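A closer look at the structure
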Amino acid sequence: MQETRTVVIVIIAVIIVLLFLGIFFLITLTYYNSQKRKLMNEKLLMQSTFHQELLKTQLEIQEQTFLNISQEIHDNIGQALSFVKLNINTVDVYNPEDTRAKLLESKDLLTKTIQDLRDLSKTLNTSFIQDIGLAAAIEQQLFFLKKTGLFVTSFRVSENIYKNPPQTEIVLYRIVQELLNNIVRHAEATSINIQMNYLADKLVIRVSDNGKGFLQSSNPGEKNDMGLGLKNMLSRMTMIHGLISVESAPGKGTTALMELPKQTQ
Amino acid sequence: MKFYQYFQYLSFLIAIFCYKGLKFFNISFIIIFLLISCTTETIATLYKFFGWKSNYLPYNIYLFASSLVVFILFDRMLSLKMLSRQVFWGIASLCLLFITLNLFFLQGFNNFNTYSLIIIEILNIFFCCLILLQLAKSDKIIIFLHDPYFLISASLLLFSLGTLVVLGLQDFILKNKLKLLQINLYRVIMPPLNIILYSTFSVAFILCRKHAQL
């Protein structure tokens, strides 16, 4: 009787242990799954935030581009066409020499304007950046500046050029464009130098000028044009997982250094 | 009729009611499993009516038939590919072959086929764990307690763990008349396990229907 009782207890104990193990396994799996779900939800949230930020940046870039186009049209193309109009209005048909000179001048101005429009169009075309690559697109920007005769430019790029995802390259290209715009507008520089170094794990771009430079604010929250522009560039670089730093001092030019970890397409 | 049989029939009826949902989850075969279970239990309850000495025969046939259906069910739930599927069916075929050999040549029709049962329950435990791990590894966001595959596999796992001992030692329990609180050990343990199994199945079927409607 006592032996039978012991056997019953052993059997029940074995069943309870087995069921306990089964329940423990199920609880562990459920816990693991809830942690995984939490992580996946966070990832989804991060992805959604990233896309929102990307969209915001694209809108900012678009806004900046429109501003550039507007200025380009107003300062260069508009001026040139107004001058052509003035020439045509003041043509003295009874003075063939004067007429010929003004028509030739107008023709030159129109040729230059057409070229400017082509350059502007190339600058805006993002598929063009993807076709010729980031390095070539940046080199072309420098070439346009060199053509003005106002700047001496130099461009150096390392070997082993690789492509980052198109979206990343466009953002990077627009940042370089903005840096160049800042140099043209504010730096009063005569020399612009760009170095692109494709390292195994990252791309390093250095944009420097010999302009008047500026006093770097010790207060990052200070709102001036340069500060806001830099903040925008910083947020765009952060979004493509890169870094940007600017070094400047009055009379010593400005150097911007960008680092972008290698990204697979 | 035993109390847990009501849960069995209820589960069967819910499965029929939720057929579309089960089809959506590729587990409509579970209806056949429930049909076999309900029929076997009914026949086993009425064995005296048929003039049989024991009800082992229907249970022994049930072991073969239900295993085949459960293997098909596991195959659908695991969604195995090429080689792993061949291995799965290799194991399943060996198991079915053993059940047949055991039925005809070893333990026979008139003894409860405990060897077959032990092998079946071990395989059930193994495949249920495999399904559960597959669910845990899945890239999809799954809430386990709302997932029919989880509920079915988890309840089947617990049922198999419990029955492995009780039914595996059934001969021993009956011979030694092992009792707990004056009730046969088999009758103490089996009903709660059955109730848990079939009520969880019912919840899973309703969830299948709900998911399919979404």
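Note that the structure is a prediction, hence the values are computed from the model and not measured.

This part is about the overall build of chain B. Along its length, chain B carries nine helices and two strands. When its helices and strands are written in sequence order, chain B yields α-α-α-α-α-α-α-α-β-β-α. By residue count, 53% of the 214 residues in chain B fall in the buried class. At a minimum sequence separation of 6, the contacts of chain B that also span at least 24 residues come to 70%. Summed over all atoms, the accessible surface of chain B reaches about 10,900 Å², with 70% contributed by carbon and sulfur.

So, on to the interface of chain A and chain B. Between chain A and chain B, the residue contacts involve 22 residues of the former and 31 residues of the latter. Here chain A meets chain B over a buried area of about 2,100 Å², counting both sides, of which 83% is carbon and sulfur. Linking chain A with chain B are zero salt bridges. At the boundary of chain A with chain B, the tally comes to three residue pairs in polar contact (both at pLDDT 80 or more). By residue class, the composition of the side of chain A that touches chain B is 15 nonpolar, five polar and two charged.

Nonpolar side chains collect at one region of the surface, where Leu94(B), Leu97(B), Leu101(B), Phe104(B), Phe105(B), Leu106(B), Phe109(B) and Tyr115(B) lie side by side and expose about 880 Å² of accessible area between them. Look at Leu97(B) and you get partly exposed, because its relative accessible area is 48%.

Within the largest apolar cluster, 79 residues are counted, with the highest numbers of intra-cluster contacts made by Ile27(B), Phe71(B), Phe74(B), Phe201(B) and Phe205(B). At the level of secondary structure, the elements contributing two or more residues to this core comprise helix 1 (2–89) of chain A together with helix 1 (3–17), helix 3 (30–45), helix 4 (56–78), helix 5 (82–106), helix 6 (114–137), helix 7 (148–168) and helix 9 (185–213) of chain B. Sort the elements by how many residues they give to this core and helix 7 of chain B lands first, with 14 residues. With near-sequence residues (within four places) excluded, Phe201(B) lies in contact with Ser11(B), Ile30(B), Phe33(B), Leu34(B), Ile152(B), Ser155(B) and Leu156(B). Counting 36 residues, the second-largest nonpolar core is a separate cluster that includes Ile138(A), Leu145(A), Ile175(A) and Ile205(A).

With that settled, the discussion passes to the sheet that holds strand 5 (residues 254–261) of chain A. Residue and element names in this part refer to chain A. Reading across from one edge, 1-2-3-5-4 is the order of the five strands in this open sheet, with mixed pairing throughout. On the outer flanks of this sheet lie strand 1 (152–157) and strand 4 (243–248), each paired with one strand and no other. Here the strands of the sheet are splayed against their neighbours by 10° on average, with no regard to which way each runs. Alignment of strand 3 (residues 202–209) against strand 5, held across eight bridges, turns out to be antiparallel. Within the sheet, the bridge partner assigned to Arg-206 lies in strand 5 and is Leu-257.

Side chains that are three or four residues apart share a direction in an α-helix, a result of its 3.6 residues per turn. Residue and element names in this part refer to chain A. The end-to-end C-alpha distance of helix 4 (residues 134–147), which contains 14 residues, comes to 20 Å, matching closely the 20 Å that a straight helix rising 1.5 Å per residue would cover. Turning to helix 4, its buried residues number three or more, namely Leu-134, Ala-135, Ala-137, Ile-138, Gln-140, Gln-141, Leu-142, Phe-144 and Leu-145. On the buried face of helix 4, the contacting elements are helix 2 (96–124), helix 3 (126–132), strand 1, helix 5 (166–187), strand 2 (191–198) and strand 3. Once helix 4 ends, the next one or two residues include Gly-149, with phi positive near 80°.

In this section: the packing of helix 4 of chain B against helix 7 of chain B. All names here are of chain B. Their axes nearest at 12 Å, the elements helix 4 and helix 7 cross at an angle of 140°. It follows from the interaxial angle that helix 4 and helix 7 lie oblique. When the axes of helix 4 and helix 7 are compared, the crossing they make is left-handed. Facing helix 4, whose interface residues are Phe-74, Arg-76 and Met-77, helix 7 presents Tyr-149, Ile-152, Ser-153 and Leu-156. Taken together, the residues of the contact of helix 4 with helix 7 sort by class into five nonpolar, one polar and one charged.

All names here are of chain B. With respect to the helices and strands, Ser-155 occurs in helix 7. Owing to a relative accessible area of 4%, Ser-155 belongs among the buried residues under this scheme. A polar contact is formed between the side chain of Ser-155 and the backbone oxygen of Ile-152, at a distance of 3.0 Å. Setting aside residues no more than four positions away along its own chain, Ser-155 makes contact with Leu-197, Thr-200 and Phe-201.

This brings us to the environment of Leu203(A). All names here are of chain A. Tracing the backbone through its elements, the reader meets Leu-203 in strand 3. On the basis of relative accessible area, Leu-203 is assigned to the buried category, the value being 1%. A sequence separation of 59 residues divides Leu-203 from Lys-262, and the C-alpha atoms of the two residues are 6.6 Å apart. Discounting residues that sit within four places of it in the chain, Leu-203 has contacts with Leu-134, Tyr-162, Asn-164, Leu-172, Met-196, Asn-197, Tyr-198, Met-258, Glu-259 and Leu-260.

Another point: the confidence of the model for chain A. Overall, the prediction assigns chain A a mean pLDDT of 85, with 95% of residues at 70 or greater. Within chain A, strand 3 of chain A carries the highest mean pLDDT (95), whereas helix 6 (residues 225–239) of chain A carries the lowest (75).

This part is about the side chain of Asn194(B). Among the structural elements, Asn194(B) can be located in helix 9. With residues near it in sequence (within four places) discarded, Asn194(B) still touches Tyr4(B) and Phe159(B).

Residues and elements named next belong to chain A. Enumeration over the complete set of coordinates arrives at six salt bridges over all chains. Between Glu-178 and Arg-236 there is a salt bridge; the shortest N-O distance is 2.9 Å. Residue Glu-178 is found in helix 5, and its partner Arg-236 is found in helix 6; the two are separated by 58 residues along the sequence. Judged by its relative accessible area of 8%, Glu-178 is buried. Glu-188 is paired through a salt bridge with Lys-212; the nearest N and O atoms lie 3.7 Å apart. Linking Glu-188 in the loop between helix 5 and strand 2 with Lys-212 in the loop between strand 3 and helix 6, this pair joins segments that are 24 residues apart in sequence.

Rules used in this analysis
- Residues numbered from 1 in each chain as written.
- Chains lettered and ligands numbered in written order.
- Predicted model: local features only at pLDDT ≥ 70, side-chain atom pairs only at ≥ 80, totals over all residues.
- Heavy atoms only, no water.
- Helix = DSSP H or I, 4+ residues; strand = E, 2+ residues; numbered from the N terminus.
- Buried < 20%, exposed > 50% of the residue type's maximum accessible area, 1.4 Å probe, protein only.
- Contact = heavy atoms within 4.5 Å.
- Areas by Shrake-Rupley, 256 points an atom, 1.4 Å probe, with all protein chains shown as cover.
- Buried area = accessible area lost by both parts, 1.4 Å probe.
- Salt bridge = Lys/Arg side-chain N within 4 Å of Asp/Glu carboxyl O.
- Polar contact = N/O pair within 3.5 Å; in protein donor to acceptor, adjacent residues only side chain to side chain.
- Nonpolar A, V, L, I, M, F, W, Y, C, P; charged D, E, K, R; others polar.
- Patch = residues over 30% accessible without salt bridge, like charges linked within 9 Å, V, L, I, M, F, W, Y side chains within 5 Å.
- Core = buried A, V, L, I, M, F, W, Y, C linked by side-chain atoms within 4.5 Å.
- Pairing = 2+ DSSP bridges.
- Axes fitted to C-alpha atoms, helices over the stretch in contact; angles between N-to-C directions.
- Expected span 1.5 Å × (residues − 1).
- Parallel < 35°, antiparallel > 145°, perpendicular 65-115°, else oblique.
- Left-handed = near helix turned anticlockwise from the far one by under 90°.
- pLDDT = per-residue confidence, 0-100.

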